[in-house]
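Architecture at a glance
In case you want the letters, here they are:
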Amino acid sequence: MGNCADLRLDVTRIDLALKSPFRISGYVMEKTPVLIATVRRGNAVGRGEAAGVYYLDDTADRGADILRKLALNMPADLKRDTLRTLLPPGGARNALDCALWELEAREAGKQVCELAGLPTPRRLLTTMTLGANDPDVMARGAIGFAGARAIKLKLTGEAAIDSDRVRAVRAARPDVWIGVDANQGYTPDTIEPLIGVLVDCGVSLLEQPFRRGREADLDGLKLPMPVAADESCLDLAELETLPGRFDVVNIKLDKCGGLTEGLLIARRARQLGLQVMVGNMVGTSLSIAPAYVLGQLCDVVDLDGPIFIAEDPAPTVVYDDGHVTCAPEIWGPDAMIAEALPAQ
């Protein structure tokens, strides 16, 4: 813990157990490590949670180390805009940025949406995600999401079984919007057999089909549904490279480094003619709350991270009728803040 005038920063690192292993292209996850940044000034408290970005080796442990070092010698004028130049995009900056938003909201007695220039938040239609699994297992999972109106499927880059996965889920849920996330698993040659299946099954969004760094593979490739950039766009600077290749940008606060940058990306994306999507890493409702603010600006919302963890500390977001609602008690000036967990 360090001091910056009367500003203090504490960092906690915990493991969140998952209800069951979660599989995507190239990874199987059994737990989610997260870090929680807590800032205090006088009687005001602000918190932010981050998981980091696993495919960039931006782990919760590394993020916690970054913030603990910063806490020893924080700038006297630390503000969110200052933080954008002080730390690179990633989990550490996200946790601290979100903590500073809540601190500012509590000190000002205003909701975060108001500080961000947004109207009173509305509940959001959200996708519910199915991890890659046997097609029949995914079909049962889709049926289990009884109230879902939108479902996102994780794929693995194996066209034959991915095709079966899509067909199985569509057969099980003919009523829902479906998007698929390839998680960088394909190349222009290997994806060709999958495309016809996506069209036949009415898939509305294809997310990150090719590897980060291979964005040029999209040049001249006519895909029959919108393509979203996830791993291909980490921050505001990379956003400028998307038009002409991607139709949608998936903003995740852990990637871009917080709500401050996320809002800048969303507004600039509109200027560039791109649609905007908000996503999340697996985490508690505390991690969802800032993304929920960003979601007020988005065309596609994928904020289902808490459904995968074994225990989501109260107060929690509510999933109902295919929507997610984040109550003011979770994050912001009206938040119910429990005592911090012991640092690890």
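Residues numbered from 1 in each chain as written. Predicted model: local features only at pLDDT ≥ 70, side-chain atom pairs only at ≥ 80, totals over all residues. Heavy atoms only, no water.

The helix and strand tally for the protein chain stands at eleven helices and 15 strands. Taken against the 2.2 N^0.38 rule, which gives 20 Å for 344 residues, the C-alpha radius of gyration of the protein chain at 20 Å falls within 12% of a compact globule. For the protein chain, the C-alpha atoms occupy an extent of roughly 60 × 40 × 35 Å along the three principal directions. Within the protein chain, contacts between residues at least 6 apart in sequence are counted, and of these 67% link residues at least 24 apart. Only carbon and sulfur atoms are counted for the fraction: they give 51% of the accessible area of the protein chain, which is about 14300 Å². For the protein chain, the separation between the mean place of its 37 positive charges and that of its 48 negative charges on side chains is 2 Å. (Helix = DSSP H or I, 4+ residues; strand = E, 2+ residues; numbered from the N terminus. Rg over C-alpha atoms; globule rule 2.2 N^0.38 Å. Contact = heavy atoms within 4.5 Å. Areas by Shrake-Rupley, 256 points an atom, 1.4 Å probe, with all protein chains shown as cover. Lys, Arg positive; Asp, Glu negative; His and termini not counted. Charge placed at Lys NZ, Arg CZ, Asp CG, Glu CD.)

Right, let's get into the pairing of strand 7 (residues 150–154). With five of five residues buried, strand 7 is to be regarded as a mostly interior element. Sheet analysis places strand 6 (residues 128–130) next to strand 7, joined by three bridges and oriented parallel. Bridge assignment links Met128 to a residue of strand 7, and that residue is Ile151. In this sheet, strand 8 (residues 177–181) lies alongside strand 7 in parallel orientation, the contact comprising five bridges. Residue pairing in the sheet places Lys154 in a bridge with Asp181 of strand 8. Regarding the hand of the β-α-β motif, the stretch spanning strand 7, helix 6 (residues 159–172) and strand 8 is right-handed. (Buried < 20%, exposed > 50% of the residue type's maximum accessible area, 1.4 Å probe, protein only. Pairing = 2+ DSSP bridges. Right-handed = clockwise from strand over helix to strand, strands pointing away.)

The subject of this paragraph is unusual backbone geometry. Residue Pro315 follows Ala314 across a cis peptide bond; omega there is -5 degrees. Structurally, the position occupied by Pro315 is in the loop between strand 13 (300–301) and strand 14 (318–320). The phi angle at Gln184 is positive, at roughly 70 degrees, despite the residue not being glycine. Of note, Gln184 is situated in the loop between strand 8 and helix 7 (192–200). Residue Gln184 is classed as buried on the basis of its relative accessible area, which comes to 13%.

This part takes up the sheet that holds strand 11 (residues 248–251). Strand order in this open sheet of eight strands is 6-7-8-9-10-11-12-13, and the pairing throughout is parallel. Edge strands, defined here as strands with exactly one partner in the open sheet, are strand 6 and strand 13.

Next up on the list: the sheet that holds strand 15 (residues 323–325). The antiparallel open sheet is built from three strands, whose spatial order is 5-15-14. Both outer strands of the open sheet, strand 5 (124–125) and strand 14, are each paired with one neighbouring strand and no more. Here strand 5 runs beside strand 15; their pairing, made up of two bridges, is antiparallel. Each residue of the ladder has a partner; that of Leu125, found in strand 15, is His323.

A separate point is the side chain of Asp254. Structurally, the position occupied by Asp254 is in helix 9 (residues 253–256). Side-chain polar atoms of Asp254 contact the backbone nitrogen of Gly52, separated by 3.1 Å. Engagement of the side chain of Asp254 in a polar contact is seen with the side chain of Asn94, the distance being 3.3 Å. (Polar contact = N/O pair within 3.5 Å; in protein donor to acceptor, adjacent residues only side chain to side chain.)

Following the sequence through the fold, Ile14 ends up in strand 2 (residues 7–24). Along the backbone, Ile14 and Thr32 are 18 residues apart, and their C-alpha atoms lie at a distance of 8.5 Å.

Here we come to helix 7. Every buried residue of helix 7 is accounted for by Leu194, Ile195, Val197 and Leu198. Considering only its buried residues, helix 7 is in contact with helix 6, strand 8 and strand 9 (205–207). At the C-terminal side of helix 7, Gly202 shows a positive phi close to 65 degrees.

Turning our attention to the packing of aromatic side chains. By the definition in use, this model includes one aromatic pair. Aromatic side chains Tyr54 and Tyr55 sit 5.2 Å apart centroid to centroid with 90 degrees between the ring planes, which places their arrangement in the edge-to-face category. When its relative accessible area of 29% is taken as the criterion, Tyr54 is described as partly exposed. Taking the relative accessible area as the measure of exposure, Tyr55 reaches 17% and is therefore buried. Note that Arg80 overlies the ring of Trp101, its terminal NZ or CZ placed 3.6 Å from the centroid. (Phe/Tyr/Trp six-rings, centres within 6.5 Å; stacked < 30°, edge-to-face > 60°. Lys NZ or Arg CZ within 6 Å of the ring centre and 35° of its normal.)

Here the structure, examined in full by the defined rule, presents 27 salt bridges. Linking Glu261 and Arg84 is a salt bridge whose minimum nitrogen-to-oxygen distance equals 2.7 Å. Remark: Arg84 occurs in helix 2 (residues 80–86) and Glu261 occurs in helix 10 (residues 259–271); sequence separation between them is 177 residues. Taking relative accessible area as the criterion, Arg84 reaches 29% and is therefore assigned partly exposed. The shortest N-O distance in the salt bridge between Arg167 and Asp164 comes to 3.1 Å. Taken together, the positions of Arg167 and Asp164, both in helix 6 and three residues apart, correspond to about one turn of that helix. A relative accessible area of 43% means that Arg167 is categorised as partly exposed. Sharing partners across several salt bridges, the network here consists of Lys152, Lys154, Asp181, Glu207 and Asp302. (Salt bridge = Lys/Arg side-chain N within 4 Å of Asp/Glu carboxyl O.)

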